[in-house]
Amino acid sequence: MAIQDKIFGKPLATSEERAEQIGVGAGIPIFGLDALTSAAYGPEAALALLIPLGIIGTQYLLPIITAILILLVIVYFSYRQTIAAYPTGGGSYTVATENLGEKAGLLAAAALMIDYILTAAVGISAGVTAMTSALPKFQPHTLALCLLILAILAVVNMRGVKDTGTAFVVPTFLFIGTLLTLVAVGVYKTFAAGGHPHPVDPMPPPLPQTVQFLGLWMLMKAFSSGCAAMTGVEAVSNGVMAFREPRAKNAQRALTVIIAILIVLLYGTAWLTKHYQITAMDPDARGYQSLLSLLVTAVFGRGWFYFLTMGSVLMALALSANTAFADFPRLTRAIALHDYLPHVFVLRGRRLLFSHGIYALTGFTAVILILFKGVTDRLIPLYAIGAFLAFTLSQAGMVVHWKNEAGDHKGRAWHILVNGTGAVATGATTIVVLASKFRSGAWVTALLVPTLILLMYSVKKHYTRVRLETRDCERLKVSNLEQPIVVIPMAGWNRISEKALRFGLLLSQEIKVVHVHSEDEAHGIDKDWEDKIVAPIREAGLPDPELVTIPSTFRFIISPLMDYILRLETENPGRKVAVLLPELVVRHWWENLLHNQRVQLLKILLLVKGNQRIVVVNIPWYL
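Residues numbered from 1 in each chain as written. Predicted model: local features only at pLDDT ≥ 70, side-chain atom pairs only at ≥ 80, totals over all residues. Heavy atoms only, no water.

Chemist: Explain the packing of helix H4 (residues 58-85) against helix H9 (residues 216-226) residue by residue, including any values.
Modeler: At a closest axis distance of 10 Å, the pairing of H4 and H9 adopts a crossing angle of 50°. By the angle between their directions, the pair H4 and H9 is classed as oblique. In this structure, the crossing between H4 and H9 has a hand that is right-handed. Where H4 approaches H9, its residues Ile 64, Ala 67, Ile 68 and Leu 71 are matched on the opposing element by Leu 219, Ala 222, Phe 223 and Gly 226. Among the residues making up the contact of H4 with H9, the classes are represented as 7 nonpolar, 1 polar and no charged. (Axes fitted to C-alpha atoms, helices over the stretch in contact; angles between N-to-C directions. Helix = DSSP H or I, 4+ residues; strand = E, 2+ residues; numbered from the N terminus. Parallel < 35°, antiparallel > 145°, perpendicular 65-115°, else oblique. Left-handed = near helix turned anticlockwise from the far one by under 90°. Contact = heavy atoms within 4.5 Å. Nonpolar A, V, L, I, M, F, W, Y, C, P; charged D, E, K, R; others polar.)

Here it is in structure tokens:
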């Protein structure tokens with residue numbers, strides 16, 4: 001326990017929950033790092049689609065990023081209103097379910113779950129890409145580095161919200177500081193050079209131009225790729241309950257700071273890219289460098305600031321997956337409360353976390369990273385669709401919310417206009433992203449969303465059936481109570497068997513001791529039966545148990561036992577059959593390998609093939 005406490009932190013009492021709440025400063029790295037770090041790969045994702053235009057492609061990046069920023073501002077105002085209307089946490093699932101109905105809520109839930117998994121995967125892979133850009137010798141180990149960072153993130157998040165925020169404050173503000181410095185110095189050098197700055201170090205030559213002009217389809221694809229910069233904006237509205245009072249105000253302040261910094265970083269990066277004439281590189285090419293790596297090299301060269309910046313980018317991008325770790329467990333809890341996910345997601349762990357959400361996110365992210373070998377550009381086509389679908393449903397739900405607001409609500413028309421504009425803008429963007437990225441991999445997301453919805457419906461159907469079958473609608477029935485027929489499988493007479501038989505004598509006067517006898521055995525338990533078992537029972541004035549010996553020609557044990565128990569239950573309608581299973585419990589897990597696990601297998605088969613009249617009782621013997 002001491003080691004576990006050091007790694008994951010000491011358990012927290014429920015009364016300590018208030019101390020785990022955070023302020024605006026800690027809220028920025030916890031809920032905003034995903035959005036902020038998109039400045040490191042959002043512009044590159046757009047520029048990579050313009051590679052066929054050669055150096056001319058840099059002229060189109062700024063208008064594309066400007067359009068994305070206009071959309072970002074619309075979404076920002078929309079989510080400020082959402083936070084105010086849902087101070088207990090107004091994620092897309094909650095808003096869509098309450099205002100648009102169950103089906104829309106499940107659509108938002110599926111889209112968000114996929115988005116958070118991809119958020120974690122893209123953040124980690126982009127961080128490792130930043131590292132391999134600075135240190136190319138690590139490029140062959142990309143996947144291993146991704147999985148290592150994922151494991152570290154999972155452990156850090158298991159320590160709780162407050163500890164996580166403390167751990168991420170320095171990397172977050174180092175990332176923000178270095179990039180703001182890059183933008184400021186780059187802008188100064190650009191103006192000082194009359195708008196045509198010269199890179200400190202030479203840049204790789206641009207790839208040859210293969211397309212003469214920017215077509216509508218290429219523009220749509222570049223815009224949809226750049227929209228990856230908007231993912232993570234919803235995180236604050238999902239995590240309002242993590243903030244200190246006044247929760248809504250603190251959450252809105254955190255969101256405002258995040259969006260303001262993101263606007264500066266995105267526009268500044270795109271502006272410098274245009275003026276320094278930097279084009280994206282082919283990610284599969286030897287010596288590949290990210291756009292940010294090239295930009296820092298152009299402005300500062302490959303000195304100490306370059307490695308400081310790229311180190312901060314690596315840490316921030318890798319840690320940006322924490323936004324998913326902060327929100328995914330809250331999302332799965334909200335869904336599980338409506339019976340659409342296993343109830344285990346509702347349970348809080350030792351550090352007041354919804355730990356099973358963290359386990360699930362870690363597992364799914366690892367699978368995604370392995371499938372795509374940790375390469376960011378292979379993940380980007382799957383990205384953003386879930387986020388924009390969630391944006392759209394959330395804003396449409398808020399329009400309905402304001403319409404249904406009781407009384408003469410002040411500013412209702414303005415609220416409806418803001419959220420309505422957000423719904424139309426993000427809805428149109430969703431269609432553009434889906435259409436332009438469909439063949440590149442977006443079809444995977446389009447297929448996963450309905451699959452997840454069907455799974456959630458199946459979970460709901462199961463819980464509904466359980467509730468209907470187990471609900472207590474009558475008074476306790478005390479009539480027709482009868483002792484069960486007790487069945488005790490017994491391989492031989494020992495202290496474990498004795499404990500089971502003693503307990504069986506307390507339960508019923510009708511006991512059947514069943515021994516499956518193989519031809520390989522010299523004898524069964526009949527040699528001990530009369531002297532050591534039956535004689536003491538008769539002396540105590542108790543009825544004799546029945547010894548049932550089943551011959552097993554082929555040395556099978558489980559199958560004959562199952563057949564006998566099921567036949568006994570069939571021949572005695574109305575009676576319960578209690579199967580007592582003597583079991584050896586060892587001190588160390590590895591000692592289980594030294595003993596056969598027939599009891600466990602028999603238990604599973606009885607639970608699977610049995611019915612309401614068969615009761616399974618474990619009789620443990622502790623070593």
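Now, onward.
Chemist: Can you lay out the sheet that holds strand E1 (residues 485-489) for me, pointing to particular residues and giving the numbers?
Modeler: Each strand in a sheet pairs with another by means of backbone hydrogen bonds, the pair being arranged parallel or else antiparallel. Spatially, the 5 strands line up as an open sheet ordered E3-E2-E1-E4-E5, and their pairing is parallel. Two strands in the sheet have a free side with no partner beyond their single neighbour: strand E3 (546-552) and strand E5 (614-622). Ignoring which end each strand starts from, the neighbouring axes of this sheet average 25° apart. Pairing geometry for strand E2 (residues 511-518) and E3, over 7 bridges, is parallel. Among the inter-strand pairings, Val 513 is bridged to a residue of E3, identified as Leu 547. (Pairing = 2+ DSSP bridges.)

Chemist: So what's going on with the packing of aromatic side chains? Residues and values would help.
Modeler: Scanning the entire structure with this criterion turns up 8 aromatic pairs. Between Trp 304 and Phe 305, the ring centres sit 5.8 Å apart and the planes meet at 85°, which makes this aromatic pair edge-to-face. According to the relative accessible area criterion, Trp 304 is exposed, its value standing at 67%. Chaining the aromatic ring pairs together yields one cluster made of Phe 300, Trp 304 and Phe 305. Sitting above the plane of the Phe 300 ring, Lys 189 keeps its charged end 5.8 Å from the centroid. (Phe/Tyr/Trp six-rings, centres within 6.5 Å; stacked < 30°, edge-to-face > 60°. Buried < 20%, exposed > 50% of the residue type's maximum accessible area, 1.4 Å probe, protein only. Lys NZ or Arg CZ within 6 Å of the ring centre and 35° of its normal.)

Chemist: Describe the nonpolar core, and please don't skip the residues or the numbers.
Modeler: One finds Phe 31, Ile 335 and Met 456 to be the most contacted residues of the largest nonpolar core, which totals 127 residues. In terms of residues, this core owes the most to one element, helix H6 (residues 102-134), which gives 17 residues. In this structure, Phe 31 is in contact with Ile 22, Gly 232, Ala 235, Val 236, Gly 239, Ala 242, Phe 243, Ile 258, Thr 323, Ala 326, Asp 327 and Arg 330, ignoring residues within four places of it in sequence. With 18 residues, the next largest nonpolar core counts Ile 485, Tyr 564, Ile 565 and Leu 602 among its residues. (Core = buried A, V, L, I, M, F, W, Y, C linked by side-chain atoms within 4.5 Å.)

Chemist: Lay out the environment of Lys 576 in plain terms, naming residues and giving numbers.
Modeler: Tracing the backbone through its elements, the reader meets Lys 576 in the loop between helix H21 (558-571) and strand E4 (577-585). C-alpha of Lys 576 to C-alpha of Val 615: the two residues are 39 residues apart in sequence and 7.2 Å apart in space. Excluding anything up to four places from it in sequence, Lys 576 contacts Pro 484, Ile 485, Gln 612, Arg 613 and Val 615. Among the polar contacts listed, one links the side chain of Lys 576 to the backbone oxygen of Gln 612, at a separation of 3.5 Å. (Polar contact = N/O pair within 3.5 Å; in protein donor to acceptor, adjacent residues only side chain to side chain.)

Chemist: I'd like a description of the pattern of salt bridges, backed by residues and values.
Modeler: Within the structure shown, the criterion is met by 13 salt bridges. In this structure, Glu 245 engages Arg 247 in a salt bridge whose closest nitrogen and oxygen atoms are separated by 2.9 Å. Judged by relative accessible area, which is 18%, Arg 247 ranks as buried. The partner of Arg 465 in a salt bridge is Glu 469, with the nearest N and O atoms 3.2 Å apart. Placement of both Arg 465 and Glu 469 in helix H18 (residues 412-470) is noted, with a separation of 4 residues, approximately one turn of the helix. Comparing Arg 465 with Glu 469, the two get one shared label, exposed. One network of salt bridges, with partners in common, ties together Glu 482, Glu 510, Lys 512, Glu 546 and Arg 575. (Salt bridge = Lys/Arg side-chain N within 4 Å of Asp/Glu carboxyl O.)

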